[in-house]
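Report on the structure
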Amino acid sequence: MITTAADRIGHLVRAGDLPAVAADLQAMPSDDVAALIEQLPRRHRGVTFRLLGKEAANAVFDALPPPFQRGLVEELGTAEVASAFRELDPDDRAELLDELPASVAKALVRGLSPGEREITGIVLGYPRGSVGRRMSPEFVHAYPDETVAQALDRIRTNGRDAETIYAVPVVDRGRRLCGMLSLRDLLLADPESQPGEHMSEPIYAHALDDAEPASFRCVERGILAMPVVDSENRLVGVLTIDDAVDVVEQARDVDEARSGARERLEEPYLVSSILSITRARIVWLFVLAVSAILTVNVLEIFEGTLEQEVALALFIPLLTGIGGNTGSQAATTITRALAVHELAPRDVLRVAGKEIRVGVTLGTFLGTVGFAVAAAVYGLDIGIVIGTTILAICALAATVGGIMPLIARICRVDPAVFSTPFISTFCDATGLIIYFTIAKSVLGI
């Protein structure tokens, strides 16, 4: 049964009905074709792409994420995708070149015109992960002391090659950034007035800044094109909002994947190979398995305590679950706050103080419930042990879960690396130590 466009195209390719495939593709917008190609098995993508006309192929190639572009280059060869590569924006070319083997990348770059090779080289000259690597060096600009009519003439002349014309940087004759104008401002201004009279204070980024926070700032404030400057405040490019959205979404996908103890899949789940899915999970599972040995060691240390009071073993799943979930909730909250720049590493002590209070509040409520249930069934002493342990575990887990992402950022490690399962395992081991220590003190064993 054919349920989606990808299923239909796959069925037609397998049946060898290529004219029907070409007819279906011709009736679809390029963005829809790109989304369809992403859903196809690898063996069908090259065949489908070959059936597109030249203009459609260029548009579809531009709309595909770099991993899929790389797959088409590897399957079809540089000659068949050279035209589509030439049509990419310089920042998109740089992103694809990072994905390709050096020999293939050089072959594609050699196919560019000298001018395109030069502007692509500008982007490639900045470090990976920097704003400069995601900016477009093709932009229109205005001078503060020329007339609005002159600025509009320049935009008409050069705007076709620029990635965007809706936000216009204003620079002096030395290319130093002075301000920003919208195209609307220019069109509505008196043609004989000067851009300097209408420009606003620019919100900009430095080319060597980390792309993620700069992109988030661009998206959060709805900036159509954020100017990018060098160390001397000279304009070198613009970060467009669509590129900023891509950076933010990629970072979000990575964080979500790592919080679930895996790496992000480059392809949709149904077309990802068993090996790629396994590779995305195996490293984290190995790390968690090793860290879980700590829990086993703790149980081994307190084996004698369990032998004297068997009822204590019944509450271990409850306590480890509460500790792990409390720590995970705190870590997820703080990681998101870091991502949206509500917090900075310098706030670590404030976060610790707040999470201790949150943990104590949670622990008081849950501990009271635990005390009542355990005391009613197993006696007052066991009730005191369970209630007190829940209070202590909640306070510890909330604090650790809250400060670990901040410590990670201080150490320049991705906070998502301190994933939910990792913190859960840590809280399991420390929670059991707290549990058996309290039990030995209260029960006298």
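So, here's what we can say about the structure.

Definitions and cut-offs
- Residues numbered from 1 in each chain as written.
- Predicted model: local features only at pLDDT ≥ 70, side-chain atom pairs only at ≥ 80, totals over all residues.
- Heavy atoms only, no water.
- Phe/Tyr/Trp six-rings, centres within 6.5 Å; stacked < 30°, edge-to-face > 60°.
- Helix = DSSP H or I, 4+ residues; strand = E, 2+ residues; numbered from the N terminus.
- Buried < 20%, exposed > 50% of the residue type's maximum accessible area, 1.4 Å probe, protein only.
- Lys NZ or Arg CZ within 6 Å of the ring centre and 35° of its normal.
- Pairing = 2+ DSSP bridges.
- Contact = heavy atoms within 4.5 Å.
- Core = buried A, V, L, I, M, F, W, Y, C linked by side-chain atoms within 4.5 Å.

Concerning the packing of aromatic side chains
Following the criterion strictly, the structure yields 3 aromatic pairs and no others. Arranged with centres 5.6 Å apart and planes meeting at 75 degrees, the rings of F315 and Y378 form a pair that is edge-to-face. Taken together, the residues span a long stretch of sequence, with F315 in the loop between α18 (311-314) and α19 (316-339) and Y378 in helix α20 (residues 348-378) at a distance of 63 residues. A relative accessible area of 10% means that F315 is categorised as buried. Above the face of the Y143 ring, R173 is positioned so that its terminal group lies 3.9 Å from the ring centre.

Remarks on the sheet that holds strand β4 (residues 225-229)
The strand order across the open sheet built from 3 strands is β3-β4-β5, with neighbouring strands paired in mixed fashion. Single-partner strands in this sheet number two, and they are β3 (205-206) and β5 (235-240). Where β3 and β4 come together, 2 bridges link them in parallel fashion. Considered in β4, the bridge of A205 is made with V228.

Notes on the environment of A107
Inspection of the secondary structure assignment puts A107 in helix α9 (residues 102-110). On the accessibility criterion, A107 (24% relative accessible area) is partly exposed. Taking the C-alpha atoms as reference points, A107 and T78, separated by 29 residues in sequence, lie 7.1 Å from one another.

Some details on helix α3 (residues 30-39)
Buried within α3 are the following residues: V33, A34, L36, I37 and E38. Looking at the buried positions of α3, the neighbouring elements they touch are α1 (5-15), α2 (18-26), α4 (42-50), α5 (54-63) and α6 (66-76).

Regarding the pairing of strand β1 (residues 167-171)
Burial analysis of β1 places 5 of its 5 residues in the buried class, the great majority of the element. Covered by surrounding structure in β1 are A167, P169 and V171 together with V168 and V170, the residues of both alternating faces. The turn linking β1 back onto strand β2 (residues 177-182) is made up of 5 residues, and R175 within it adopts a positive phi angle of 70 degrees.

A look at the nonpolar core
Across soluble globular proteins, you tend to see nonpolar side chains buried next to one another. Grouped together as the largest cluster of nonpolar side chains are 32 residues, with contacts concentrated most on F49, V60 and F61. Elements supplying a minimum of two residues to this core: α1, α2, α3, α5, α6, α7 (78-87), α8 (90-99) and α9. In contact with F49, other than residues within four places in its own chain, are I37, A57, V60, F61, L72, L76 and V81.

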